[in-house]
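# A look at the structure
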Amino acid sequence: MPGLIRGVARTAVVAGTATAVSNRVSRRQAGRWAEQEAQQAPPPQQVVYQQAPPPPPPAAAPVSMDSKIDQLKELATLKEQGILTEAEFEAQKARILNG
């Protein structure tokens with residue numbers, strides 16, 4: 001019986017040693033592969049963020065009819081005073097009425 005126990009103990013030692021060696025070899029090999037991949041990998045690219053375009057300007061508030069009438073009266077006064085020519089008056093009048 002002592003020979004049987006000795007044989008089982010020897011087998012356990014050999015199996016344990018083989019497992020330890022195998023694990024160490026696997027870890028070393030994995031480390032080497034990781035190192036090779038790191039050397040072969042392209043360098044990380046820098047991410048460039050662009051600013052969002054500014055929001056469009058707010059739409060002009062609609063001009064009230066009273067405001068348009070006041071502007072036309074001012075134009076008529078300037079024309080009567082001789083500050084505006086007939087052509088300038090007509091151009092400004094069209095701008096106010098169309099805008």
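Rules and cut-offs
- Residues numbered from 1 in each chain as written.
- Predicted model: local features only at pLDDT ≥ 70, side-chain atom pairs only at ≥ 80, totals over all residues.
- Heavy atoms only, no water.
- Helix = DSSP H or I, 4+ residues; strand = E, 2+ residues; numbered from the N terminus.
- Rg over C-alpha atoms; globule rule 2.2 N^0.38 Å.
- Areas by Shrake-Rupley, 256 points an atom, 1.4 Å probe, with all protein chains shown as cover.
- Lys, Arg positive; Asp, Glu negative; His and termini not counted.
- Charge placed at Lys NZ, Arg CZ, Asp CG, Glu CD.
- Phe/Tyr/Trp six-rings, centres within 6.5 Å; stacked < 30°, edge-to-face > 60°.
- Lys NZ or Arg CZ within 6 Å of the ring centre and 35° of its normal.
- Expected span 1.5 Å × (residues − 1).
- Buried < 20%, exposed > 50% of the residue type's maximum accessible area, 1.4 Å probe, protein only.
- Contact = heavy atoms within 4.5 Å.
- Polar contact = N/O pair within 3.5 Å; in protein donor to acceptor, adjacent residues only side chain to side chain.
- Salt bridge = Lys/Arg side-chain N within 4 Å of Asp/Glu carboxyl O.
- Patch = residues over 30% accessible without salt bridge, like charges linked within 9 Å, V, L, I, M, F, W, Y side chains within 5 Å.

### A short note on the overall build of the protein chain
Scanning the protein chain from terminus to terminus reveals three helices and zero strands. Each helix and strand of the protein chain, placed in order from N terminus to C terminus, yields the pattern α-α-α. By the compact-globule yardstick of 13 Å for 99 residues, the protein chain is too spread out, its C-alpha radius of gyration being 46 Å. For the protein chain, the accessible area works out to roughly 9200 Å², and carbon and sulfur atoms hold 60% of it. On the protein chain, the mean spot of the 11 positive side-chain charges and the mean spot of the 9 negative ones are 40 Å from each other.

### Let's talk about the packing of aromatic side chains
Going through the model one piece at a time under the given rule, you end up with zero aromatic pairs. K79 extends its terminal NZ or CZ atom over the ring of F89, reaching a point 4.9 Å from the ring centre.

### Considerations on helix α2 (residues 65-80)
The end-to-end C-alpha distance of α2 is 23 Å, a good match for the 22 Å that 16 residues give at a rise of 1.5 Å each. Of the residues trailing α2, G82 is marked for its positive phi of about 85°.

### What about the environment of G16?
Mapped onto the fold, G16 is located in helix α1 (residues 2-40). Taking the C-alpha atoms as reference points, G16 and E90, 74 residues apart in sequence, are found 105 Å from one another.

### Quick word on the environment of K79
Looking at the secondary structure, you find K79 in helix α2. Overall, the relative accessible area of 32% leaves K79 in the partly exposed class. Setting aside residues no more than four positions away along its own chain, K79 makes contact with L84, E86 and F89. Of the polar contacts made by the side chain of K79, one reaches the side chain of E86; its length is 2.7 Å.

### A closer look at the pattern of salt bridges
Pairing is possible between side chains that carry opposite charge, provided their charged atoms lie close to one another. Counted according to the given criterion, the structure contains two salt bridges. Here K79 ties to E86 by a salt bridge, and the two come within 2.7 Å at their closest N and O atoms. According to the relative accessible area criterion, E86 is partly exposed, its value standing at 42%. Notably, a salt bridge pairs E90 with K93, separated by 3.8 Å at the nearest N-O pair. With E90 and K93 both in helix α3 (residues 86-98) and three residues apart, this pair spans about one turn of that helix. Judged by its relative accessible area of 29%, K93 falls in the partly exposed class.

### As for a positive patch on the surface
On the surface, a cluster of positive charge is made up of R24, R27, R28 and R32. Here R28 is to be found in helix α1. Under the relative-accessibility criterion, R28 is labelled partly exposed at 48%.

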